[in-house]
Each structure stands twice: as C-alpha cells, then as structure tokens.
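Observations on the three-dimensional arrangement
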Amino acid sequence: MNDQDQSSRVDGTEDLPEQLRVRREKRERLFSEGQDPYPVALPVTHELSEVRAAHSELPVDASSGQRVGVAGRVMFMRNTGKLCFATLRGGDGSELQAMLSRNEIGEQALSAWKSDVDLGDHVFVAGEVITSRRGELSVLADEWRMAAKSLRPLPVAHKELSEENRVRQRYVDLLVRSQAAETVRTRAATLRSLRDSFERRGYLEVETPMLQTLQGGAAARPFVTHSNALDMDLYLRIAPELFLKRCVVGGIEKVFEINRNFRNEGSDSSHSPEFAMLEFYEAYSDYNAMAELTRALIQEAAQSLFGTQTVTWADGSEYDLSGQWANITMYGSLSEALGSEVTPETSVETLRKHAESAGLSELDPSFGHGKLVEELWEHMVGNHLHAPTFVRDFPLDTAPLTRQHRQHSGMAEKWDLYVKGFELATGYSELVDPVVERARLEEQARLASEGDEEAMPVDEDFLRALEYGMPPTGGVGMGIDRLLMALTGLGIRETILFPLVRPE
RNA sequence: GGGCCGUUAGCUCAAUGGGCAGAGCAGUGGACUUUUAAUCCACGGGUUCAGGGUUCGAGUCCCUGGCGGCCCA
C-alpha cells in the first residue's frame, strides 16, 4: 500500500466531532502536499533532557553555538505573529521550548507550523540551542517536521481527568497528570529496591508456573482456563507458594519471586483480581526472623525511594515506617477489644454471639472457629490499626500450610502485617512435616468436597517433595500493589498501570 | 448482593421550582517577533448514557437498563 492509498482513505469523517475531523483533515492535507505525517525516522541528535543538562549554565538571551535535532510532544503552544513558542515534552517527562522565528525559519515553514501543528502532535525541530529573553532554554528552529500527527485533542492539561477516564485511558492520564507518570517510576524503583535488598542477602529470584493444574498456596477462588493441547482445565495461580517450597526442598534455600497472582473475587479500593505478589522463603529462618526481614525490605524501599523512612502520602500526611513496629497477638488483641477472653478453645457458639453483638450478623454459617476469629478480629481490631503492626499467632485451622505454634497448640506461627488498616504482608514458620501436611491437605480436600470453593485439594507432588525433606523454613508473601499504597498513600487502581475495568 | 451519588461539547464542569443547554480550556478565522496555562477580537461545536413514561413543554419528574464512584455486607 502506498501513501496515496493511505491518504485517500477517509473513514466516516463527516460523523466525527469537529476536532477529530479537523485533525484528520490536516493529516490528509500533509499527505496530499507530499509530506509524511508519520515519518519512519528523523535525524534526532539529542534527548530533550540531554540538551537541558548540557546547557543548564547558558545565560539569559544567549546563543550556545550548538545545533541539535530534538523531538517531543507539543504540550503548549504560544504563537505570536512572526514568532512561535511551543513546549515539547520528551518520554522521560523533561520539557524543552521550541522557538520558530520567521527570520530564522522563513515565512513558509512558519505558516505551515501554525496551520499543521496541534497540541499533542509529536514534532521534530532542529536548530541552535539558545535562551529566550526571559531565559527559557530553547531550540531556535531552522527546520521543523511533523514526527507523528495526533488525531485526538489532548484533555485540558491543567485539570485532572475524571477517575474513570484516568483508568480507561491511562495513556492520556500519563500525559496530562505528572503524578501518574511519577507513580510508574516509583513502582519501578520499588521493585528495583526489593531486588537489590534480596541480592545483598544472597537470595535467588525464580519464576514459577502461572498456569497450574491444581489450585493451592492460599485460600481463594481461582480463575479457571482450559488447555486445548492437554484437554484439561488449568488454574491461573492464586499463589506461588507450593512451587517456591519445592525450590527450597531442591536446595534453593533463599528464594523469592515477584509475579502476578489471580483471584476470582470482587475488586474494591484495596483488592484487584490480578495483583503483583512478592513471596520469599529462607531455610533455617522462622516467622520471627522473617518479620525482621520484611520490615527491613520495606524500610530499605522507603529509604531508597525517598531518602527517608517517614514517607509523605498523596494527601500530604506523613506516615512513619521507621524503627521497630508494634507487635500484638490476634487472640490477645481480640480479647481486649471484646472485653472477654477468647482462646483457641473458645466455642463456635460463643464466637457467634460475639459476632452478633459486634454487628456481624450475616457471617457464613459454615465458618468454623478460625474463620470466625479472623472475621471478628478484622472488624474489631484490624480495620482500626493505623501504624505498622505485626499481628501474631493465628488460629491453626485457617493456616493449612503453617507450622503449629511452638507453645500454643491451637495456634499457627503466622503473622499478618497491617499498614494503614489493610493487610500488607503475611509471614509464617512453614509446615515441613509431610505427614502432618498430608493430614491438613486431606482436611482441606474434605472442605472442598463440601463446597468450600477456597479450600485446596491434595497436591501429591507437593507432598512427595516434602517427603524428600524440607529444612525448617520461614516464608512471607507481600502484595506489591499494597506496598506501593503504603509508600505513597494512593489507591490500588492508581498503583496498577492498567487495572481491570469493564469494557465501555 | 444492598443502599446512596454521579453520567451534559474533545476535556473539566455549570444550568432557580419543569420553560431558548452554558463557561473555561481545546478548535476555526483574524491581530501580534520573546511567550511560559501568552494576550486580544470574532465564530463554530450537543442523540444532555440508552430505552420507555408523565406533561402544552423534560438535562431537570417517574420506571427499566448500562457504566462509574462511595458506603455497607
């Protein structure tokens, strides 16, 4: 297909809103004038940021003597009669002014600039690096070309997009809202910090299956998909845990993975159906040492991102992540909140009475002791925790992959880390006894057969791995999106670049 | 799953008690050789989310649905 074919293709132009139509007509006109509004290559010599860095000392109203070719998206235009200014923005967010003077570039090129260029277009400008009379570093063009014609007007650059448009058209949000671009950089820097922290401690990063033949590693409803080749249903993973434990059995004794988990559940301000998860395991560690390591990872991330462990949230408030963090026990803090002692021996009937007087009347009648304790705790205590807090020693019957507490028989060596009222991470002394693990999984399978969609089946291969001998191990899972929320104070849909939304 | 709020120009938002649908930015035309969200003059731009109903008359009131947000479970 040649350019003539492209330029002659007009697709329902008359039905479009005026601004879209005008831009399409400009594109057509450029083609008909023998110009390519989408050239394959342009003689760019410098990034905008490079020009800025090289000439930061240039005095006001001065010439550098250096000629550069730069490209960028037109964010603002200020056209006077014979002198035009445009603010170009590069992909790294840096900006540089282009100046087009009739004396320098000529009548024809200047009027073409005025008639062809719209806000949002990518343009190429070549000329000398100078500063304007107001001191603005600029490229004084002796040549300009369209680099890529934009067919849609940019939204108002000084107002935020509506929340829905931000998420649906993140590419536009990234252009007009610097906070959006900043969040992407912060997320990348957080991942880098985590990987650095693990690297320093001798951890190895691995990737384990996202498509799994059995659901396992967490209590959650999975997404189901189908393999045509194997002619069997597969699950998108809800957790990498069982594979990372296989790694530990195989001698990768300090191991971590950062990858996506998928849970077929509702989404709200702190839940997304797909979310990035960090899990890490260390042999000869336990849930106490893993709590210390988790704290260090988060503090090191805050330090490397912001140079301080007291972070400033998007709403301007400060959040202190430094120093030691509070430790409470689940049964102890719940007993205190209820004003009545609750222990692993407390009966289901008593727990239900507590739940009713706390206003939790519609709890699933199938909930047993552990689930009731956790629901009650979350309602009475967890939602009100603000400062970083480790909540220790969970009911044993909701932690089928966790070692029994070394002192309390009805409890598991498990903690949850709560930050600003949500669960950020969870850590364990892992259950490594294959016989006990088999019994736990068989109990899970029984629950599943009774209709519990979150219960896991018996994973024979996982049990076989444990039977080869897994060293005592501490393990942690931490939501990356939630870590971003804790570090920035943003909602989960701001920390995820392209969150799932219903089609328009 | 339930309740509440929202949905109007390309974008962000107005519109008395049911009476000609508006502003800013953006766009088009014009003026302007040092602007910084440039300024000034003029002009164009709407299936008011969709469908139904009440009414002489509906952006506005009623019903159903879509999408989004918040709260609750």
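Scroll up to find the structure this text is about.
Bear in mind that the values here come from a model prediction, so they are computed numbers and not experimental data.

1. Section: the protein's contact with RNA strand B
Contacts to RNA strand B come from 39 residues, most closely from Glu18, Arg78, Ser132, Arg134 and Arg493. A breakdown of the atoms of RNA strand B within 4 Å of the protein gives sugar and phosphate a share of 55%. In this structure, a base nitrogen belonging to RNA strand B sits 3.3 Å away from a main-chain N or O atom of glycine 81. Between RNA strand B and glutamine 97, the relevant distance is 2.9 Å, taken from a base nitrogen to a side-chain nitrogen or oxygen of the residue. Of all elements in the fold, only helix H2 (18-32), strand S1 (63-79), strand S2 (83-89), strand S3 (95-101), helix H4 (102-105) and helix H6 (163-168) reach the threshold of two or more residues within the surface near RNA strand B. Here the surface near RNA strand B is built from residues that sort into 12 nonpolar, 11 polar and 16 charged.

2. Observations concerning the pairing of strand S10 (residues 254-262)
Sheet topology places strand S6 (residues 204-205) next to S10; two bridges connect them, and they run parallel. What sits directly across from glutamate 205, in S10, is phenylalanine 256. Pairing analysis gives nine bridges linking S10 to strand S11 (residues 274-283), with the strands arranged antiparallel. In the strand pairing of S11, lysine 254 is matched with glutamate 282.

3. Overview of the nonpolar core
Leu278, Phe280, Trp415, Leu417 and Leu424 are the most contacted members of the largest nonpolar core, which has 41 residues in total. Taken together, the elements giving at least two residues each to this core come down to helix H8 (178-200), S10, S11, helix H10 (287-306), strand S16 (411-419), strand S17 (422-429), strand S18 (473-479) and helix H16 (480-488). Looking at this core element by element, the count peaks at nine residues for H10. Excluding anything up to four places from it in sequence, tryptophan 415 contacts Tyr287, Met290, Ala291, Thr294, Phe390, Val391, Arg392, Phe394, Ala425, Thr426, Gly427 and Val476.

4. What to know about the pattern of salt bridges
Following the criterion strictly, the structure yields 39 salt bridges and no others. As a salt-bridge pair, arginine 201 and glutamate 300 come within 2.7 Å of each other at their nearest N and O atoms. Taken together, the residues arginine 201 in the loop between H8 and S6 and glutamate 300 in helix H10 connect sequence positions 99 residues apart. On the accessibility criterion, glutamate 300 (23% relative accessible area) is partly exposed. Of the charged contacts, one joins glutamate 443 and arginine 446 as a salt bridge, the two residues approaching to 2.7 Å between their closest N and O atoms.

5. Brief notes about the side chain of glutamine 212
Of note, glutamine 212 is situated in strand S7 (residues 211-212). There is a polar contact of 3.2 Å between the side chain of glutamine 212 and the backbone oxygen of proline 209. When near neighbours in sequence (up to four residues on either side) are disregarded, glutamine 212 contacts Leu234, Tyr235, Arg237, Ala239 and Phe243.

6. Some points on the packing of helix H9 (residues 241-249) against helix H15 (residues 460-467)
Where H9 contacts H15, the two axes come as close as 9 Å, and the packing angle between them is 25°. Judged by the angle between their axes, H9 and H15 are roughly parallel. In this structure, H9 crosses over H15, and the sense of that crossing is left-handed. Side by side, H9 and H15 meet where Leu242, Lys245, Arg246 and Val249 of the first sit next to Asp461, Phe462, Ala465 and Leu466 of the second. Each residue belonging to the contact of H9 with H15 can be placed in one class, and the counts come to five nonpolar, no polar and three charged.

7. Thoughts on the packing of aromatic side chains
For the structure on display, the rule yields nine aromatic pairs. The interplanar angle of 15° and the centroid separation of 4.2 Å between the aromatic rings of phenylalanine 198 and phenylalanine 256 together place this pair among those described as stacked. Here phenylalanine 256 lies in strand S10 and phenylalanine 198 lies in helix H8, a separation of 58 residues in the sequence. Take phenylalanine 198 and phenylalanine 256: they sit in the same class, and that class is buried.

8. A short note on the environment of glutamate 300
Between the alpha carbons of glutamate 300 and glycine 451 there is a distance of 43 Å; along the sequence they are 151 residues apart. Apart from the residues within four sequence positions on either side, glutamate 300 is in contact with Ser193, Ser197, Arg200 and Arg201. Separated by 2.7 Å, the side chains of glutamate 300 and arginine 201 make a polar contact.

Thresholds applied
Residues numbered from 1 in each chain as written. Chains lettered and ligands numbered in written order. Predicted model: local features only at pLDDT ≥ 70, side-chain atom pairs only at ≥ 80, totals over all residues. Heavy atoms only, no water. Near = heavy atom within 4 Å. Polar contact = N/O pair within 3.5 Å; in protein donor to acceptor, adjacent residues only side chain to side chain. Helix = DSSP H or I, 4+ residues; strand = E, 2+ residues; numbered from the N terminus. Nonpolar A, V, L, I, M, F, W, Y, C, P; charged D, E, K, R; others polar. Pairing = 2+ DSSP bridges. Core = buried A, V, L, I, M, F, W, Y, C linked by side-chain atoms within 4.5 Å. Buried < 20%, exposed > 50% of the residue type's maximum accessible area, 1.4 Å probe, protein only. Contact = heavy atoms within 4.5 Å. Salt bridge = Lys/Arg side-chain N within 4 Å of Asp/Glu carboxyl O. Axes fitted to C-alpha atoms, helices over the stretch in contact; angles between N-to-C directions. Parallel < 35°, antiparallel > 145°, perpendicular 65-115°, else oblique. Left-handed = near helix turned anticlockwise from the far one by under 90°. Phe/Tyr/Trp six-rings, centres within 6.5 Å; stacked < 30°, edge-to-face > 60°.

Read these as layout, nothing more, since geometry by itself doesn't imply function.
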